Amino acid sequence: MSRALRLGGLRIGYEMRAYFRQGDTVFFTFLFPVVLLTIFSVSFSEASFGQTADGDEITAAWFFLPAMLAAGVLLSGLQNLAIDIAVEKSNGTLKRLAGSPLPVTSYFIGKIGQALVTGILQAIVLLALAFTVFQVPLPEDPALWGRFVWIFLLGVVTSAILGIALSSVPRSGASATAVVIPIVLVLQFISGIFLRFSDLPEWLQQVAAIFPLKWMALGMRSVFLPDELVVLEPNETWNLPGIAIALGIWLVVGLALTLVTFRWVRKNQ
């Protein structure tokens, strides 16, 4: 096990170097939420999203920051890994790794570690941008930062595992982007990333509640938005137990699907 962990750590470094050498991947997974936060903050700069108990206006940047943090977790985990692994299956990389001494555990550590590191870096960039450029007030209560940590970590790991499972769906590396990105876009639209979740039809809110992104976005809102906005949430609660249960269920589902579907090579190769 110690050998697998050591090789997994080395694999994280390799995955990070490979990730940042791909300009299109960096833009559409790492920088995309940053760009969207900037666009929404500027486009809706005159709009009001409510007030705090002290009478402070909730700006667009403040309102959309939690959504972009949740979207970043999904992009770094699910979208990035689903496409990346599908391409590696298609171009023979996984077949070559299968013939190498690299344990499969080390390979997964490398992929999940890459999602975790890129997610952390992305969150730092988003928080720094919101705080320094758009003057978004960040939480002062350490308990809220503790809440952010467990939601973030559980969200990243769940998204990464689901991304590994989803990589089995595209029939080739060339079709991976066309298969994965529409799924991710639909999830973002129905989960309150681009739109205010309370503005969605109730039936669509119920559909969104089936999937993990809705719960990650809710968790991020519970950390970064003032408690006055909890009235916009279903049942007017942040529902932290529900967030933990929903993400935990999806983590288990993702692990089960990965064990059943993951192969070093495709059956038709």
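Here the structure is a predicted model, which means the values were calculated and not measured. (Residues numbered from 1 in each chain as written. Predicted model: local features only at pLDDT ≥ 70, side-chain atom pairs only at ≥ 80, totals over all residues. Heavy atoms only, no water.)

## A closer look at the environment of Tyr19
1) Next: Within the secondary structure layout, Tyr19 lies in helix H1 (residues 2–20).
2) Next: Since its relative accessible area comes to 1%, Tyr19 is described here as buried.
3) Next: Ignoring sequence-local partners within four residues, the contact set of Tyr19 consists of Thr25, Val26, Thr29, Phe30, Asn80, Gln114 and Thr118. (Helix = DSSP H or I, 4+ residues; strand = E, 2+ residues; numbered from the N terminus. Buried < 20%, exposed > 50% of the residue type's maximum accessible area, 1.4 Å probe, protein only. Contact = heavy atoms within 4.5 Å.)

## Here we look at the UniProt feature "transmembrane region" (unreviewed entry) in the protein
1) Next: UniProt records the feature "transmembrane region" (unreviewed entry) for residues 26–44, 64–87, 115–136, 148–169, 176–195 and 243–265 in the present numbering.
2) Next: The distance from the first to the last C-alpha atom of residues 115–136 is 26 Å, and the span holds 82% helix and 0% strand.
3) Next: Annotation note: span residues 176–195, helix share 75%, strand share 0%, distance between end C-alpha atoms 26 Å. (UniProt positions renumbered as here; feature names shortened; annotations may be inferred.)

## Considering a nonpolar patch on the surface
1) Next: Among the surface-exposed residues, Phe20, Val117, Ile120, Leu121 and Ile124 lie close enough to one another that they form a single nonpolar patch of about 390 Å² accessible area.
2) Next: Looking at the nonpolar patch element by element, the count peaks at 4 residues for helix H5 (residues 104–132).
3) Next: Relative to the helices and strands, Leu121 is located in helix H5. (Patch = residues over 30% accessible without salt bridge, like charges linked within 9 Å, V, L, I, M, F, W, Y side chains within 5 Å. Areas by Shrake-Rupley, 256 points an atom, 1.4 Å probe, with all protein chains shown as cover. Salt bridge = Lys/Arg side-chain N within 4 Å of Asp/Glu carboxyl O.)

## Observations concerning the pattern of salt bridges
1) Next: In this structure the tally under the stated criterion is 6 salt bridges.
2) Next: Its salt-bridge partner being Lys111, residue Glu88 comes within 3.0 Å of it at the nearest N-O pair. Residue Glu88 is found in helix H3 (residues 60–90), and its partner Lys111 is found in helix H5; the two are separated by 23 residues along the sequence. For the residue pair Glu88 and Lys111, the accessibility class agrees, reading buried in each case.
3) Next: What emerges from the salt-bridge pattern is a single network uniting Arg11, Glu15, Asp84, Glu88 and Lys111.

## A few points about the nonpolar core
1) Next: Counting residues in each nonpolar core, the largest one holds 69 residues, and the members touching the most others are Leu65, Leu69 and Ile193.
2) Next: Only helix H2 (23–43), H3, helix H4 (93–98), H5, helix H6 (142–166), helix H7 (173–190), helix H9 (212–224) and helix H10 (240–261) provide two or more residues apiece to this core.
3) Next: What Leu65 contacts, discounting residues up to four positions off in sequence, is Leu37, Leu126, Leu127, Ala130, Val136, Leu138 and Phe224.
4) Next: Among the nonpolar cores identified, the runner-up in size contains 5 residues, and Ile190, Leu200, Leu204 and Ala208 belong to it. (Core = buried A, V, L, I, M, F, W, Y, C linked by side-chain atoms within 4.5 Å.)

## Concerning the packing of H3 against H7
1) Next: Packing of H3 against H7 leaves a shortest axis separation of 9 Å and a crossing angle of 165°. Looking at the two axes, H3 sits roughly antiparallel to H7. Between H3 and H7 lies a crossing of right-handed hand. On H7, the residues that touch Ala71, Leu74, Leu75, Leu78, Gln79, Ala82, Ile83, Ala86, Val87 and Ser90 of H3 are Gly173, Ala176, Thr177, Val180, Ile181, Val184 and Gln188.
2) Next: When its residues are assigned to classes, the contact of H3 with H7 shows 12 nonpolar, 5 polar and no charged. (Axes fitted to C-alpha atoms, helices over the stretch in contact; angles between N-to-C directions. Parallel < 35°, antiparallel > 145°, perpendicular 65-115°, else oblique. Left-handed = near helix turned anticlockwise from the far one by under 90°. Nonpolar A, V, L, I, M, F, W, Y, C, P; charged D, E, K, R; others polar.)

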